[in-house]
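Summary of the model geometry
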Amino acid sequence: MNSFEIEIKKIRRYSQTGLWGSVAVVILASFFLYVSPVRFMQTEHTARWMLIAGSVLAVLAVSMALLTIRKQIPRLRQAESIEEKVTGYVSHIRSLYLTMLAVVVIICLFMVLSNQNVLLMLALISVLTLFLAYPNIYRIKVELGLTDEEMKQLFGDRYICEESGDKEEGDKEIRQ
C-alpha cells in the first residue's frame, strides 16, 4: 500500500463517517420526535432560545462549510506537489465532515430537547450540504486540478481517462 492509497482511504472514511453519521442522527432524532411517547418539556423561554440557537448554528455552519470550500479548494489547487494537495485535501475533508457531523448532532439534540420540529428542516439542510460536497474520484480531480497521470498515480485502474483522439472524433460526428 502506498501513501496515496492510505490518504484516499482517509478521504473516503472521513466523508462517509460525516455524511452517514449525520443521516443516522437525523433519522434517529426525527424518529424519536415523532414516534416516541417521551417528550422533554422545557419552559417556553428555553424552547424558544434552543430554536434560535439551533437556527443560528445551522446557518453559520452551512455558511462556514460553503466559505471553507470556496477558500480552501483554490489554495489546494495551487500547491506545488501532489503530496501537498492530497494531504491538504484530507485535512479539508476531515474538518468539514466531522464539524458538520457535530453541528447536526447539536441541532438534533436541540430538536429533541425543545420539541421543535422546525429544527429538523435545518438539520436536513446541513446534511444536504454534505451530500453536495461529497468527494468522488472525478470531483477530486477537478478540485485539485490534477492531470490524468496524477490521477492514474492516485487511483490506478479505477480512474478512466478521456482519450483526446476519441473525443475529437466524437465531436466531429456530432457536428455533422
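Coordinates for the structure precede this section.
Residues numbered from 1 in each chain as written. Predicted model: local features only at pLDDT ≥ 70, side-chain atom pairs only at ≥ 80, totals over all residues. Heavy atoms only, no water.

**What about the overall build of the chain?**
The number of helices and strands found in the chain is 7 helices and 0 strands. From first element to last, N terminus to C terminus, the chain shows the α and β order α-α-α-α-α-α-α. Against the globule reference of 16 Å for 176 residues, the chain gives a C-alpha radius of gyration of 21 Å, more extended than a compact globule. C-alpha atoms of the chain, sized along the principal axes, occupy 70 × 40 × 30 Å. Among the 176 residues that make up the chain, the fraction classed as buried is 36%. Long-range pairs, those at least 24 residues apart, make up 74% of the contacts in the chain between residues at least 6 apart in sequence. Summing over all exposed atoms, the chain offers an accessible surface of approximately 10,600 Å²; the carbon and sulfur share of this is 61%. Positive and negative side-chain charges of the chain, numbering 19 and 18 respectively, have mean locations separated by a distance of 11 Å. (Helix = DSSP H or I, 4+ residues; strand = E, 2+ residues; numbered from the N terminus. Rg over C-alpha atoms; globule rule 2.2 N^0.38 Å. Buried < 20%, exposed > 50% of the residue type's maximum accessible area, 1.4 Å probe, protein only. Contact = heavy atoms within 4.5 Å. Areas by Shrake-Rupley, 256 points an atom, 1.4 Å probe, with all protein chains shown as cover. Lys, Arg positive; Asp, Glu negative; His and termini not counted. Charge placed at Lys NZ, Arg CZ, Asp CG, Glu CD.)

**Things to note about the packing of helix H2 (residues 44-77) against helix H3 (residues 82-114)**
At a closest axis distance of 10 Å, the pairing of H2 and H3 adopts a crossing angle of 170°. Our classification of the angle between H2 and H3 gives roughly antiparallel. For the contact of H2 with H3, the residue count by class is 20 nonpolar, 7 polar and 2 charged. (Axes fitted to C-alpha atoms, helices over the stretch in contact; angles between N-to-C directions. Parallel < 35°, antiparallel > 145°, perpendicular 65-115°, else oblique. Nonpolar A, V, L, I, M, F, W, Y, C, P; charged D, E, K, R; others polar.)

**Overview of the pattern of salt bridges**
In this structure the tally under the stated criterion is 4 salt bridges. The shortest N-O distance in the salt bridge between Glu-44 and Arg-48 comes to 2.8 Å. In this pair, Glu-44 and Arg-48 are both assigned in helix H2, 4 residues apart and thus about one turn of the helix distant. A relative accessible area of 59% places Glu-44 in the exposed class. The residue Arg-139 makes a salt bridge to Glu-143 at a minimum N-O spacing of 2.9 Å. Residue Arg-139 and its partner Glu-143 are located together in helix H5 (residues 137-144), separated by 4 residues, close to a single helical turn. Taking the relative accessible area as the measure of exposure, Arg-139 reaches 27% and is therefore partly exposed. Taking relative accessible area as the criterion, Glu-143 reaches 11% and is therefore assigned buried. (Salt bridge = Lys/Arg side-chain N within 4 Å of Asp/Glu carboxyl O.)

**Remarks on the packing of aromatic side chains**
For any pair of aromatic rings, geometry is given as the distance between the ring centres together with the angle between the planes. Using the criterion set out here, one finds 2 aromatic pairs in the structure. For the ring pair Trp-20 and Phe-131, a centre distance of 5.7 Å and an interplane angle of 85° mean the geometry is edge-to-face. One end of the pair, Trp-20, is in helix H1 (residues 3-35); the other, Phe-131, is in helix H4 (residues 118-132), and 111 residues separate them in sequence. Owing to a relative accessible area of 47%, Trp-20 belongs among the partly exposed residues under this scheme. Where Tyr-97 meets Tyr-134, the ring centres are 6.4 Å apart and the plane angle is 85°; that geometry is what we call edge-to-face. In this pair, Tyr-97 is assigned in helix H3 and Tyr-134 in the loop between H4 and H5, connecting sequence segments 37 residues apart. (Phe/Tyr/Trp six-rings, centres within 6.5 Å; stacked < 30°, edge-to-face > 60°.)

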